[in-house]
Each structure stands twice: as C-alpha cells, then as structure tokens.
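# Chains, contacts and geometry: an overview
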Amino acid sequence: MSHQTPLGSSVPQANCLDLWREKNDQLVRQAKVAQDLGLSPRRQRLAQDALEGLRGLLHSLQGLPAAVLVLPLELTVICNFITLRASLAQGFTEDQAQDIQRGLERVLETQKQVGPRLESGLGLRGLWNSVLHASSLLPELLPALHHLAGLQAALWLSTDHLGDLTLLLQTLNGSQNGSSEDLLLHLKTWSPPAKESDDPLTLQDAQGLRDVLLTAFAYRQGLQELIVGNLPRALSSLHEAASGLCPRPVLVQVYTALGTCLRKMGNPQRALLYLVAAVKGGLICGPPLLEASRLYQQLGNTAAELESLELLVEALSVTPSSEVPHFLIEVELLLPEPDPASPLHCGTLSQVKHLLARRCLQTGRTEDAVEHYLDLLALLLDGWEPKFSPLPCPRGLCMPEIFLEAAAALIQAGQAQDALTICEELLSRTSSLLPKMPWLWKNARTGTKESPHCPPWVSATYLLQGQAWVQLGDPKQAISEFSRCLELLFRCIPKDKEQGPATNCEQGCMSDVALQQLRAAALISRGLEWVASGQDTKALQDFLLSVQVCPGNGDASFHLLQTLRRLDRRDEATALWRKLEAQTKLPQENATWSLPLYLETCLSWIRPPGHETLLEDFRTSLLEPCN
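What you see is a predicted model; the values in this text were computed from it and never measured.

### What about the overall build of the protein chain?
For the protein chain, the count of helices and strands is 28 helices and 2 strands. Relative to its 627 residues, the protein chain shows a buried fraction of 48%. Restricting to contacts in the protein chain with at least 6 residues of sequence separation, those with at least 24 account for 66%.

### What to know about the environment of Leu251
Position of Leu251 relative to the elements: it lies in helix α12 (residues 248–264). On the accessibility criterion, Leu251 (21% relative accessible area) is partly exposed. Beyond its immediate sequence surroundings of up to four residues, Leu251 is in contact with Ala242 and Cys246.

### A word on the nonpolar core
Of all hydrophobic cores here, the largest spans 96 residues; its most connected members are Phe92, Leu104, Trp128, Leu145, Leu148, Ile329 and Leu334. The contacts of Trp128, once residues within four sequence positions are left out, are Ile100, Leu104, Leu145, Leu148, Ala149, Gln152, Trp156 and Leu168. Listed in part, the 85 residues of the second largest apolar core include Met399, Phe403, Ala406 and Leu427.

### Topic: the packing of aromatic side chains
Two measures describe an aromatic ring pair: the distance that separates the ring centres and the angle between the ring planes. Within the structure shown, the criterion is met by 1 aromatic pair. Relative to Tyr274, the ring of Tyr255 lies with its centre 5.4 Å away and its plane at 55°, an arrangement referred to as tilted. Here Tyr255 is found in helix α12, whereas its partner Tyr274 is found in helix α13 (residues 268–281), with 19 residues between them in sequence. We classify Tyr274 as buried; its relative accessible area is 18%. Over the aromatic face of Phe490 sits the side chain of Arg519, whose NZ or CZ is 5.6 Å from the ring centroid.

### Describing helix α27 (residues 597–605)
Buried within α27 we find Leu597, Tyr598, Leu599, Thr601, Cys602 and Leu603. Those residues of α27 that are buried are in contact with α16 (349–362), α17 (366–381), α18 (399–412), α20 (456–471), α23 (512–532) and α25 (554–566).

### Some thoughts on the environment of Asp160
For Asp160, the position within the fold is in the loop between α7 (142–158) and α8 (162–173). On the accessibility criterion, Asp160 (52% relative accessible area) is exposed. A polar contact of 2.3 Å, which involves the side chain of Asp160, links it to the side chain of Arg220.

### Quick notes on the pattern of salt bridges
Overall, the coordinates contain 20 salt bridges when judged by the stated rule. Residue Asp95 pairs with Arg85 through a salt bridge whose shortest N-O separation is 2.8 Å. With Asp95 in helix α4 (residues 94–110) and Arg85 in helix α3 (residues 71–89), the pair connects residues that are 10 residues apart, well separated along the chain. Under the relative-accessibility criterion, Asp95 is labelled partly exposed at 32%. Close ionic contact of Asp160 with Arg220 constitutes a salt bridge, the shortest N to O distance being 2.3 Å. With Asp160 in the loop between α7 and α8 and Arg220 in helix α10 (residues 206–228), this pair connects stretches of sequence that are 60 residues apart. Look at Arg220 and you get buried, because its relative accessible area is 14%. Bridged by salt links that share partners, the residues Arg102, Glu105 and Glu109 form one connected network.

### Overview of a negative patch on the surface
Together, Glu307, Glu310, Glu314, Glu367, Asp368, Glu371 and Asp375 make up a negatively charged patch on the protein surface. At the level of elements, α15 (302–317) and α17 are the ones that each hand at least two residues to the negative patch. Considering every element that reaches the negative patch, the biggest residue donor is α17, with 4 residues. Classification of Asp375 as partly exposed rests on a relative accessible area of 35%.

### Brief notes about unusual backbone geometry
A positive phi angle is found at Asp160, which is not glycine, with a value near 65°. One non-glycine residue, Asp568, lies in the positive phi region at around 60°. Position of Asp568 among the secondary structure elements: in the loop between α25 and α26 (570–585). Residue class for Asp568 comes out exposed when judged on its relative accessible area of 56%.

### Remarks on the confidence of the model for the protein chain
Of the residues in the protein chain, 82% reach a pLDDT of 70 or more, and the chain-wide mean stands at 83. Across the protein chain, helix α11 (residues 231–242) holds the top mean pLDDT of 95, while strand β1 (residues 441–442) sits lowest at 41. A low-confidence stretch, residues 1–12 stays under pLDDT 50, and its non-local contacts, those more than four residues away or across chains, total 13 contacts. In this model, residues 385–391 is a region of pLDDT below 50 whose contacts with residues beyond four sequence positions or in other chains number 15 contacts.

### So, helix α6 (residues 123–132)
Along an α-helix, residues three or four apart share an orientation, since each turn contains 3.6 residues. Among the 10 residues that make up α6, 7 are buried, leaving the element largely enclosed by the rest of the structure. Restricting attention to buried positions, one finds in α6 the residues Leu124, Gly126, Leu127, Trp128, Ser130, Val131 and Leu132.

### With respect to the packing of α10 against α11
A pair of packed helices is captured by two measures, namely the crossing angle of their axes and the spacing between those axes. Contact pair α10 / α11: the axes reach a minimum separation of 8 Å and the direction vectors enclose 155°. Viewed along their axes, α10 and α11 adopt a mutual orientation that is roughly antiparallel. The two elements α10 and α11 meet at a crossing, and its hand is left-handed. From α10, Leu214, Thr215, Ala218, Tyr219, Gln221, Gly222, Leu223, Glu225 and Leu226 reach across to α11, where they touch Leu231, Arg233, Ala234, Ser237, Leu238, Glu240 and Ala241. Residue composition of the contact of α10 with α11, grouped by class: 9 nonpolar, 4 polar and 3 charged.

### Considerations on the packing of α6 against α7
Here α6 crosses α7 at 160°, and the two axes come no closer than 13 Å. On the basis of their axis angle, the class for α6 and α7 is roughly antiparallel. Here α6 and α7 pass one another in a crossing that is left-handed. In this structure, α6 contributes Leu124, Arg125, Trp128 and Val131 to the contact, and α7 contributes Leu145, Leu148, Ala149, Gln152 and Trp156. By residue class, the composition of the contact of α6 with α7 is 7 nonpolar, 1 polar and 1 charged.

Quick notes on the rules
Residues numbered from 1 in each chain as written. Predicted model: local features only at pLDDT ≥ 70, side-chain atom pairs only at ≥ 80, totals over all residues. Heavy atoms only, no water. Helix = DSSP H or I, 4+ residues; strand = E, 2+ residues; numbered from the N terminus. Buried < 20%, exposed > 50% of the residue type's maximum accessible area, 1.4 Å probe, protein only. Contact = heavy atoms within 4.5 Å. Core = buried A, V, L, I, M, F, W, Y, C linked by side-chain atoms within 4.5 Å. Phe/Tyr/Trp six-rings, centres within 6.5 Å; stacked < 30°, edge-to-face > 60°. Lys NZ or Arg CZ within 6 Å of the ring centre and 35° of its normal. Polar contact = N/O pair within 3.5 Å; in protein donor to acceptor, adjacent residues only side chain to side chain. Salt bridge = Lys/Arg side-chain N within 4 Å of Asp/Glu carboxyl O. Patch = residues over 30% accessible without salt bridge, like charges linked within 9 Å, V, L, I, M, F, W, Y side chains within 5 Å. Areas by Shrake-Rupley, 256 points an atom, 1.4 Å probe, with all protein chains shown as cover. Lys, Arg positive; Asp, Glu negative; His and termini not counted. Charge placed at Lys NZ, Arg CZ, Asp CG, Glu CD. pLDDT = per-residue confidence, 0-100. Axes fitted to C-alpha atoms, helices over the stretch in contact; angles between N-to-C directions. Parallel < 35°, antiparallel > 145°, perpendicular 65-115°, else oblique. Left-handed = near helix turned anticlockwise from the far one by under 90°. Nonpolar A, V, L, I, M, F, W, Y, C, P; charged D, E, K, R; others polar.

Below, the structure written as structure tokens:
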C-alpha cells in the first residue's frame with residue numbers, strides 16, 4: 001500500500017497511524033539492510049530509496065492538521081529522515097534546520113500557541129524554549145522531542161553554536177544557569193527518556209546521539225585547549241573522549257592528541273604508549289607518526305625520529321582504505337577539519353618529504369638529505385615546463401627555498417657540480433623575476449629613481465653558486481658569483497609592507513636579521529677567497545664591511561682579527577681582541593630569530609673553528625713584547 005493517504009479517506013485515523021508506522025519501520029529496516037552491504041552501488045541505491053520513502057511519508061504526515069496522537073510518529077520520521085540525509089551527505093545543511101523548525105511548529109500547533117508568537121521570528125532557540133515549557137505537553141511526546149533535541153544539538157555543535165546548545169541542554173535538564181564552559185557537564189547530565197518496546201523504529205535513538213555528542217564535544221574541547229596551551233584541561237577532556245563512544249578512527253586522533261599533550265607536559269614515556277596504540281589502532285596513522293617524530297626529536301633519538309618520518313612518507317604514499325560510514329550521526333560528522341596548528345594536521349606527502357630532507361640535513365645525514373631533496377624536487381616538478389611556467393608552490397612549501405636547501409645539501413655532500421645544476425635550474429625558472437639593467441629606474445608616479453625589487457633568495461642562489469665554485473677549486477669564478485650576490489643585495493630592495501604582504505616564498509629571508517646574515521655570509525665568503533689568493537688588503541675590506549652590516553655575526557669579527565694580525569696592524573687587532581674577550585664573558589642570550597636552513601648551512605662552512613682557542617692564541621701573540 002502506498003505511504004500516502006488521501007485527505008478524504010474513510011480509513012479511521014488509528015488504522016492510518018498503524019500504516020504510517022509500518023511504513024516508517026519498513027524504511028528503517030531497508031536502510032539498515034543497505035548499511036550491511038558495504039561500499040556497493042546497491043547499498044547507495046537502497047539508502048537513497050529509503051531516504052525518498054521517508055521524505056514522502058513525512059510529506060503525507062505534514063499534509064494533515066497536527067494531531068497529538070500522530071505527533072510522536074511524525075517527530076520520529078523527521079529524526080530518521082534527518083539522520084539518514086545527514087549521514088549520506090556527511091554533514092548538516094540548512095535544510096535539516098528547517099525540518100527541525102517545522103517539527104517544532106507542528107508541536108506548538110497542537111498546543112494552540114501558533115500565530116503572533118511564530119510570526120515574530122522566534123528562531124529555533126525560541127521555538128525550543130516554547131515547546132519545552134508548554135504546560136500541556138504530553139509525556140508521550142518527550143522521547144521523540146528528546147530525540148529531535150539530540151539532532152538539534154548535533155547541528156549546533158557542528159556549526160559552533162555552543163551558546164544555543166548550552167541553553168537547550170539546560171532546558172532539557174531543568175537547570176536555569178550555566179555557561180558554554182559547563183557544556184560537557186550538561187551533556188553528561190542529560191538523560192533522554194528510554195524507548196518503549198512498541199515505539200516506532202529509529203535509525204539512532206536519543207541515548208546514542210547523547211553519547212556521540214559527549215565524545216565529540218569532549219574531543220573538540222580537548223583539542224582546542226591543547227592548541228592554546230591549557231594542558232591540564234586538555235588532558236582531562238581528551239581522557240573523557242577516549243572513555244566514551246569512540247569509533248576507531250576517532251580513537252586514533254584522541255590518542256595522538258593525548259600523546260602530544262603528555263609530551264608537552266614532560267611525560268614522554270606515557271606519550272609514547274598512546275602514540276604506539278594510535279599507530280596500531282587505525283588505518284590512517286599519519287598524525288601519530290608525525291607526533292612520534294616530534295617526541296623522538298625532543299628525546300634526542302635522531303634515528304627513531306627519522307625512521308618515524310620515513311614511515312610517515314610511506315603511509316602518505318598509499319591511498320588509505322576508508323571504513324564504510326554508518327547511516328548514523330557519528331562522531332566524525334561533528335568534528336572540524338584539522339587546523340594547521342593542530343597536532344592532527346600531518347600535511348601532504350610533499351610537506352613531509354621536505355621535513356624529512358631538512359631533518360637529515362640538520363642532523364648531518366647529508367647523503368640521505370640529498371636523496372630526499374632530489375626525490376622531493378622530482379615529485380613537485382613532475383609535469384611542469386621548466387621555462388614557461390612559474391614555480392609551483394604547494395601549500396606550506398616554498399619552492400625556491402627547497403631548491404636552495406637541495407643545493408646546500410649537494411655542496412655539503414661534495415657534489416658541487418650537481419649543486420650548480422640545481423641553482424641554474426632555479427634561476428632559469430625565475431628569470432622573469434631578476435632585475436634588468438639599468439639598476440635604477442624612474443618611478444612614473446613619483447618621478448624619483450628607485451632600486452629594483454628582487455627576492456632575497458635570488459641573491460642566495462648566487463651565494464651558493466659561489467660556494468660550489470670554491471669546492472670545485474675555481475676562486476675567480478667563486479669571487480664573481482659572490483660579487484653578483486652582493487650587487488643584488490646592496491642595489492636591490494625586497495618588497496616592503498607598502499607594496500602588499502610578502503609571499504610565503506619571500507618570508508624566509510625577509511627579516512632584517514636574515515638579510516644581515518645573508519650579506520655577511522657573502523662578504524665573508526668573498527673575503528676568504530681573497531685570503532686564499534694572498535690579497536689580504538681586499539679581504540680586510542670585506543671583513544670590515546661584514547662587521548658593519550651584521551654586528552651580531554661573531555664569525556666576521558674573528559676573520560677580521562686574523563686578517564689584521566697577518567697585516568701586522570697590532571693596535572687595531574689588539575682593540576678588536578679586547579672587545580671579543582669582553583663579549584665572551586657576557587651572558588649569552590638565546591637567539592629569538594631563526595634563519596633559512598640553506599643560510600644556516602652556508603654560515604657553518606665559513607665559521608672559524610675554536611673561537612676560544614683562537615682568542616687564547618691571540619693573547620699570547622699580541623701581548624708578547626715587540627722585538
């Protein structure tokens with residue numbers, strides 16, 4: 001028999017109610033049969049047919065005047081329809097809010113509370129307040145209303161309407177005050193009425209929704225507290241989430257967040273237990289592996305850290321098999337996408353490959369670093385025309401910096417010729433960004449002459465090319481590259497705030513400290529080549545200038561001291577030595593800035609060994625009596 005019943009039918013209402021209920025139960029069973037079919041076209045077809053059946057049944061029920069006898073079934077059909085629709089769409093929409101609103105209005109119609117109150121635009125919050133405070137509300141309606149309230153709570157939680165959700169739970173619990181901070185307590189206090197055995201079938205009852213809401217909110221709250229650094233509260237909320245109705249994929253996330261929290265609280269062993277459980281417990285093990293690498297880095301276990309990153313690269317290289325979602329409102333449906341600041345954001349394959357390559361370079365595993373950088377460049381540049389397309393910059397990555405880090409790794413590994421190839425490739429892909437002669441151009445708007453703009457990493461490319469030529473034993477070519485680097489650094493200016501925000505490819509070298517260190521590195525590098533060719537006077541000029549442009553670079557001062565000594569300029573050397581001696585006795589401040597990795601690597605090549613030994617040697621040589 002069709003689920004639609006004509007308005008003028010002579011069938012008694014009780015018989016119609018039985019038929020409508022039977023239709024609801026049959027559609028719920030159909031959806032549950034579809035659920036057990038796995039990922040198959042027939043599953044989707046049966047579920048969609050069940051959804052359309054529920055839509056038609058709801059249309060028939062709401063085509064009649066609201067009746068107290070029918071309302072429990074009508075509200076149950078609304079709940080089943082919303083549950084199946086949201087689970088199929090994997091999210092809530094405005095349509096579900098309208099379905100809830102229509103159900104509440106139908107309840108108020110039976111309470112004779114329609115008219116001006118609804119026309120004044122109460123909204124869902126006002127409707128819920130009116131319905132739940134209605135004096136003549138029948139007890140038979142309470143189970144279905146609590147079920148509908150659970151769906152309203154899920155919708156508000158997924159859209160971050162926590163104030164509205166708190167007020168709704170207060171009303172359901174009969175409490176009068178509280179704040180959104182008490183939301184977890186309100187959820188734990190909420191006790192929906194139990195279903196009777198003869199009630200219409202549901203896809204998910206109110207108690208099941210309450211358990212899902214409790215887990216989802218506890219996890220969301222714990223993650224937020226973890227991000228802002230409130231670790232004790234984060235730990236408490238995450239433990240609450242782990243002890244609740246927690247599907248396996250969500251439990252992996254909760255265990256990962258617990259591992260992060262315990263690591264930050266200085267309890268690495270307990271953190272490791274949770275991370276191991278997370279890796280073993282889920283198909284998607286990216287976040288716990290990344291967190292494990294952070295933990296091992298904190299413990300100083302470099303081998304285990306890099307092994308975790310290598311496993312993470314393997315995990316991200318394979319398309320994970322997803323579990324079949326149930327036709328229910330599940331915890332995953334109520335969780336936001338991982339924020340980049342979240343410990344659950346493990347990034348893309350290219351981002352993790354980049355992290356692995358960087359860590360290998362930073363920890364002295366140069367050969368491995370070279371291999372990973374070359375793999376990364378091949379992955380990122382696959383399919384890109386080298387001369388006619390701009391460099392692709394995936395989210396979170398800066399392609400020029402990756403090129404420069406790869407070149408630095410190759411030089412470190414003694415593969416200078418390959419490093420030159422990488423640098424030439426970078427310059428060929430970005431030739432349109434290089435400034436053209438003449439060096440000064442006329443600004444059409446102001447009528448003044450200005451220096452051209454040039455990204456600082458272009459200068460860094462020439463610096464690394466110079467270092468490659470040093471390794472290849474060609475000082476003339478090396479000095480030429482260092483000079484080209486300095487020419488760009490001193491004649492070109494980076495983009496400033498007036499010209500708009502810098503791109504992420506420029507931010508790595510845009511700080512004043514980084515620019516100062518880049519200039520000092522080029523000057524020291526060229527000065528060392530002058531020293532190697534016996535031209536100490538020219539070297540002296542570069543070392544003096546490096547001290548001026550970057551007073552905080554101690555390496556420049558030590559190279560200057562050695563050059564003054566070779567030139568037998570005792571008075572100047574003694575004054576500089578005394579200054580350096582005094583500086584070594586001052587408390588050393590921790591650097592609050594960081595440099596691009598390629599620049600840190602380059603600075604390590606030009607650092608004079610044994611500062612203290614050098615100062616002691618000067619103490620002996622400079623203070624001995626003159627002959």
